[in-house]
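One letter stands for each residue in the lines below.
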Amino acid sequence: MASELLGIEAAAGSPSLAKAALADVRAHPGKAAGLALVERLLSERLDCPQPALGLIGVGVFYLASDDPDAKNFSLGMDDVNDLSGLAQRLAANAPQPRDAARAGAFVRFLHDAYGAAVLQEFARAMQPGVSMSEVCGKVTGKSLAMVELQWSETLSHEPPMRGVLPFMRWTAGLLKPYRFFCGMLVVGILIQTLYAAFMPLWLHQLFDEGITPHNAGVIWRTLALLIGGFLVTASAGLAIDFSVSTLGPRALNDVRRRVFDKLLLLSSRTLNRFKGGDIVSIFSTDIFIVENAVVRSVAGIVGKVFLMIGSLVTAVDLDWRMALATVLLLAIAFWAPRQVARYAVKAAYERKVEDGKLAGFIKETAQLLPVIRTLDIGEHRRGMFNEYADTIYKSSYRQYLMGELTSRATVFCISAAQLGIIGLGAGLSLTGTVSGGVVVAYIGLLLAIGGAAGGIASLLPAAIQAVGSWQRIESLLARPADVPDAQQNAVPSLPLSRVALQDVTFSYTGERLNLDNVTLQTPVPRRVALVGPSGSGKSTVINLLSRSYDALSGQVLLNDIDIRKIDNQTLRSFIAVVNQDTTLFEGSIRYNIGIGHMGATDEQIEQAARDAEIHDFITTLPNGYDTNVGEGGKLLSGGQRQRIVIARALLHDPQILLLDEATSALDAEAEAAINETLAKISAKRMMFSVTHRLNSCPDMDMICVFRDGKLVEQGTHDELLALRGVYAGMWEKQADISIGSSGQDVEISIERLRKIPLFASVPQDDLESIRHMLRVEEVPADTVLTLEGTTTGRFYIIARGMVESSVLLGDGSALIMEILEVGDFFGEFALLEGIPNPTTCRTRLPCLLLSLSRQDLRHVADLHRTADEQSELEKEIVATLDRRLDAKLEELIGRRMASRQRGSAARPAASSAESSA
Ligand SMILES: Nc1ncnc2c1ncn2[C@@H]1O[C@H](COP(=O)(O)OP(=O)(O)OP(=O)(O)O)[C@@H](O)[C@H]1O
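Residues numbered from 1 in each chain as written. Predicted model: local features only at pLDDT ≥ 70, side-chain atom pairs only at ≥ 80, totals over all residues. Heavy atoms only, no water.

A. Molecular detail of the site of the ligand. Surrounding the ligand, one finds 15 residues, the nearest of these being Arg 512, Ser 534, Gly 535, Ser 539 and Thr 540. The separation between an oxygen atom of the ligand and a polar main-chain atom of Gly 537 is 3.0 Å. The side chain of Glu 661 places a nitrogen or oxygen atom 3.2 Å from an oxygen atom of the ligand. When the free accessible area of the ligand is taken as 630 Å², the share hidden by the protein chains comes to 68%. (Near = heavy atom within 4 Å. Polar contact = N/O pair within 3.5 Å; in protein donor to acceptor, adjacent residues only side chain to side chain. Areas by Shrake-Rupley, 256 points an atom, 1.4 Å probe, with all protein chains shown as cover.)

Quick look at the structure:
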């Protein structure tokens, strides 16, 4: 295993290495032989320096050793920080267990993410005096912080597997605050246990001292004890029922609260790691299963354990030899099934994880049903569903089988123990060591113990299922509360005078930089547009300004204060974010605006609604501000919802307004109206606005142009046009496509049309005719406009919105080819007879499009022309399209090949992730 990880041949030279390693062990008593061997491998076979023997040597040895208890660590974010410190400690001292686990996780990450060769290179680069930052930079090309982040993303965030006993301890901790009910439960169980324990003694008394010698007094006294005991036990049973019914729901309600509180404290980064269905199924399924187990199983198991202990005490009183044999045999009988129970708990947990995945998949399918239909990928999704269903079947099968086997193994072992004890009793009575009465009483005791053990065994499958659910609850509760919080409580003086990003780098996953050394600063008030192609990092700037994430390096400053030093509440009072998500909370309009500033008066709420220009609409509603908006706000239109979100943002009068494509999910008319409102409200405050349409840019004080995470240009509209760089190119693409104030008429100039290669050589008057033929189409998001392989469709120019072009791969998933934005065009092959569309084009956002059909083009070609001239025009267009088609097909083939190569290396899930990217 060690040589496999290090990518070297194990066999050659091994005997001498082993001998040398043994010598090391002799020289350093207490050193593990395996670690000595790994160190020898590193130093002699790979020529690694001394410092590498610590981090890499311990890590490789940790992974190669197969002691499961030594690996019972769950590593968190804190464990990936300070890689340098870890390496130094491991080089200098004997490894502590947690550090060894961290080293193992690091080696596993480096090996899996970069391969054995880079792992070797890393080890060799750890020369004395060379810092970890230099090693990371040299070997991976990334900063130390990036490598640590990338490593953290690979860590399993699951807590280590635990069994039924820790679950019992956890449950006891939950019940602790409810002392009265716990007391009632314990007293009830004790009464039941005592009765069950005394009953055989009383029976023994009845038989040996009452019935055999015909002593009526003893008979009546014993019968009275039995009947009295029975009545008290029945009342104790009622007390138990009452207390478990109260304890279970109360204790689990506390768990619900804790899980919900934890949810509110998780950062965006941590939340991204959960599957869609996970959190909901923790609340809806897991907590219920644990509650059910607490109510139905735990009291039963505890009662039966008490009963067995009570029976054993009685057994000692009857005959100590048989009692000793009973204890020994029972201990063996309970130990043996624990081995099966370990697998049962693991299977129950795996089943819960699979349930969560399926829930997420179903939720996604229900949400994206229209897309699935339009892309015609129902079969592909069914295939994925079948895979999930198969996995669930396998894990359910394991869960039930292991649960039942644990239960059966318990019953089997107890029955075998019972038989052994009866045999022993019979033997002892033959030699006259014990009386017949003792043996009879013992049989009664064994029946009680066997019954109790059988009862425990029958509750085990439910308890094991609950342990699986508990593990999932713990997987959320164990996450550190990592919403970024203030390191100091600094408060910038008001009014704000400067907002700046200083040498900021940022990455979401550590794989690549999503913001690369961005420096920008701007005085307040100022209106700043963030523009650039899709994926260039515009929204990431908004995420850092609103502190949804912290920069990897560099600073985000308000005045001259790093926002990490400003407490969250203060920061939130300065900043409001409006993005394209207009989902509202179920409740009244007043509630939905009012939560922008808790405690706001009705007048303040109405003023905010006026500023957002929604007050007049609200007053026309029969219930005015008390109108319920429905789930997610579905009773209102997108534009109305967005105005309510804007009113909410305005309610606390933010100094900085962050707009992240605030209007792109709305229809064109609503966008035009809301843009006017936004222009008014941003006049007197700082505004950062992410936008794809550049028409608002000439009015902005500053435009920041991003490309591949870099700030490539900044300045005013005129300055950037003069630069003739990225912005100028984007402007040229979008200029001359104007949308009227109603948001529904689109005008395109002849010059703009001429820049489309298709029309480059079309005579002026024909181009004029084509311009008139263009039809304006308003298309909602998620609409398929051209379908791969079909010959139908139209030619489109995008005036507003975003379109995604994709191809289907062999496995039925979609590969995104291009994101098309304002000024781009697609569907040109629909203008040719019989040429199938090479890609499927689907709107990502609501779009405004200009479109042309094949018939329209033919009609233009027919105008005032002889047959020869006609064919000239058509020929020209056909030739251009042919060239484009060739280029497109070449690109398609290349992308498909690349994707196939990636696909063969990656897991199947990767392609679907790509399609949903
Ligand atoms: N939560 C995330 N996890 C991982 N990567 C992300 C996440 N959010 C964004 N990214 C990646 O970061 C890069 C920048 O994304 P960002 O959203 O800032 O781009 P953008 O310029 O706003 O794009 P768009 O205009 O399409 O919204 C993209 O490559 C994107 O895939």
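B. Just the pairing of strand β10 (residues 710-715), in detail. Here strand β9 (residues 702-707) runs beside β10; their pairing, made up of 5 bridges, is antiparallel. When the sheet's bridge partners are listed, Arg 707 is paired in β10 with Lys 710. Taking the residues that link successive antiparallel strands as the turn, the β9-β10 hairpin has 2 residues, and the phi of Asp 708 there is positive, at about 50°. (Pairing = 2+ DSSP bridges. Helix = DSSP H or I, 4+ residues; strand = E, 2+ residues; numbered from the N terminus.)

C. Quick peek at the packing of aromatic side chains. Counted according to the given criterion, the structure contains 19 aromatic pairs. Seen in terms of ring centroids, Phe 361 and Tyr 388 are 4.9 Å apart; in terms of plane orientation they differ by 40°. Their pairing is tilted. Placement of Phe 361 in helix α16 (residues 320-367) and of Tyr 388 in helix α18 (residues 378-430) is noted, with a sequence separation of 27 residues between them. Residue Tyr 388 is classed as partly exposed on the basis of its relative accessible area of 21%. One aromatic cluster is present, formed by Phe 106, Phe 109, Tyr 114, Phe 122 and Trp 151 through successive ring pairs. (Phe/Tyr/Trp six-rings, centres within 6.5 Å; stacked < 30°, edge-to-face > 60°. Buried < 20%, exposed > 50% of the residue type's maximum accessible area, 1.4 Å probe, protein only.)

D. Spotlight on the packing of helix α6 (residues 83-92) against helix α7 (residues 97-114). Relative to each other, α6 and α7 sit at 120°, their axes nearing to 11 Å. The angle between α6 and α7 places the two elements in the oblique class. Note that α6 runs across α7; the crossing there is left-handed. Across the interface between the two elements, Leu 83, Leu 86, Arg 89 and Leu 90 from α6 touch Asp 99, Arg 102, Ala 103 and Phe 106 from α7. Across the contact of α6 with α7, the residue classes break down as 5 nonpolar, no polar and 3 charged. (Axes fitted to C-alpha atoms, helices over the stretch in contact; angles between N-to-C directions. Parallel < 35°, antiparallel > 145°, perpendicular 65-115°, else oblique. Left-handed = near helix turned anticlockwise from the far one by under 90°. Contact = heavy atoms within 4.5 Å. Nonpolar A, V, L, I, M, F, W, Y, C, P; charged D, E, K, R; others polar.)

E. Region of the structure containing unusual backbone geometry. At Glu 613, a residue that is not glycine, the phi angle is positive and equals roughly 55°. Non-glycine residue Arg 724 carries a positive phi angle of around 55°. Its place among the elements puts Arg 724 in the loop between α27 (717-723) and α28 (726-734).

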